[in-house]
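Working through the structure, step by step
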Amino acid sequence: GSSSTLTASVTTNTYTWMPGSLTGTSIVVSPAATTTYTATATNAAGCTKTTTKTVTVNQLPNVQINATNATICLGASTSLTATGASTYLWMPGALSGSTVNVSPSATTTYTVTGTSTAGCTKTATVTIVVNATTNDGDTTITACDNFTWNTITYTASGVYTFTSLNAAGCVNTATLTLTINNS
């Protein structure tokens, strides 16, 4: 995908470049594969000389990301693993390495830039969806919470813990201080 400039050293000659039937002292090429270019120089007396230059094209790395969990609950973490390159730089966060652990507080798209041993780069992205807990830390029990109630009769004062589960599978707990007054 990059380009290269090939320049002949003697500017008083005329040049024909192959492949492509290009002319001029300098040419800009963007070959899709490694290509050998031939420059034929002709001086004012009509004498010619030919030289070649090979432009090596390195393939882009095949960068991919695998998330342990692409959907997590608020406060949880997940591992992101990149493959296909030699080195990796993650954003946001300027993290490095093939595997990183992330714990976003909101849905976040992560981008990794992979670099091959030849210095070629390619990026990949993954979005981690963050589901809120059932009541986001509020300890008030509401009709929206999906509690499993039991039919236990509470006979003693104390602190009781209730666990709720929302549709996304995120768990939250609430505590209730129960005071029983004897009448």
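Residues numbered from 1 in each chain as written. Predicted model: local features only at pLDDT ≥ 70, side-chain atom pairs only at ≥ 80, totals over all residues. Heavy atoms only, no water.

Okay, the nonpolar core next. Counting 15 residues, the largest nonpolar core has Leu80, Trp90, Tyr110, Val112, Val126 and Ile128 as its most contacted members. Counting only elements with at least two residues in this core, the list comes to strand S9 (78-83), strand S10 (87-91), strand S12 (99-102), strand S13 (108-115) and strand S14 (121-131). The dominant element in this core, judged by the number of residues it contributes, is S14, at four residues. Dropping the residues within four chain positions of it, Val112 is found in contact with Val63, Ile65, Ala82, Tyr88, Leu89, Trp90, Lys122, Thr123 and Ala124. Counting residues in hydrophobic clusters, the runner-up holds ten residues, among them Leu6, Trp17, Ala39 and Ala41. (Core = buried A, V, L, I, M, F, W, Y, C linked by side-chain atoms within 4.5 Å. Buried < 20%, exposed > 50% of the residue type's maximum accessible area, 1.4 Å probe, protein only. Helix = DSSP H or I, 4+ residues; strand = E, 2+ residues; numbered from the N terminus. Contact = heavy atoms within 4.5 Å.)

Turning our attention to the confidence of the model for the chain. Per-residue pLDDT for the chain has a mean of 84; in total, 83% of the residues score no lower than 70. Mean pLDDT across the elements of the chain ranges from a minimum in strand S16 (residues 171-178), with 72, to a maximum in S9, with 97. Across residues 136-145, where pLDDT falls below 50, the model places 13 contacts with residues more than four positions away in sequence or in other chains. (pLDDT = per-residue confidence, 0-100.)

Turning next to the sheet that holds S13. Two pairing modes exist for strands in a sheet, parallel and antiparallel, and in both the strands are linked by backbone hydrogen bonds. In spatial order, the strands read S8-S14-S13-S10-S11; together these five strands make up an open sheet with mixed pairing. Edge positions in the sheet fall to strand S8 (71-73) and strand S11 (95-96), since each has one partner strand and no second. With eight bridges joining them, S13 and S14 adopt antiparallel strand pairing. Residue pairing for S14: Val112 is matched across the bridge by Ala124. (Pairing = 2+ DSSP bridges.)

If you walk across this open sheet you meet the four strands as S3-S2-S5-S6, and the pairing is antiparallel. At either end of the open sheet lies a strand with only one pairing partner, and these are strand S3 (22-23) and strand S6 (48-55). With five bridges joining them, strand S2 (residues 14-18) and strand S5 (residues 35-42) adopt antiparallel strand pairing. By the bridge assignment, Thr16 is partnered in S5 with Thr40.

For the rest of this paragraph, the subject is the packing of aromatic side chains. Per the stated rule, a full pass over the model turns up one aromatic pair. Ring centres of Tyr15 and Trp17 lie 6.5 Å apart, and the angle between their planes is 35°; this geometry places the pair in the tilted category. For the pair formed by Tyr15 and Trp17, the shared burial category is buried. (Phe/Tyr/Trp six-rings, centres within 6.5 Å; stacked < 30°, edge-to-face > 60°.)

Structurally, the position occupied by Thr108 is in strand S13. Separated by 16 residues in sequence, Thr108 and Pro92 have C-alpha atoms that sit 8.8 Å apart. Once you skip the residues sitting within four places of it in the chain, Thr108 turns out to touch Pro92, Val126, Thr127 and Ile128. At 2.8 Å, the side chain of Thr108 and the backbone oxygen of Ala106 are in polar contact. (Polar contact = N/O pair within 3.5 Å; in protein donor to acceptor, adjacent residues only side chain to side chain.)

One can find Thr78 in strand S9. On the basis of relative accessibility, which here comes to 3%, the residue Thr78 falls in the buried class. In terms of polar contacts, Thr78 uses its side chain to reach the backbone amide nitrogen of Asn69, at 2.9 Å.

The subject of this paragraph is the environment of Thr7. Checked against the element boundaries, Thr7 lands in strand S1 (residues 4-7). Relative accessible area serves as the criterion here: at 52%, Thr7 is assigned to the exposed category. For the pair Thr7 and Val28, spaced 21 residues apart in sequence, the C-alpha separation works out to 8.8 Å. Setting aside residues no more than four positions away along its own chain, Thr7 makes contact with Trp17, Thr25 and Ser26. Of the polar contacts made by the side chain of Thr7, one reaches the side chain of Ser26; its length is 2.9 Å.

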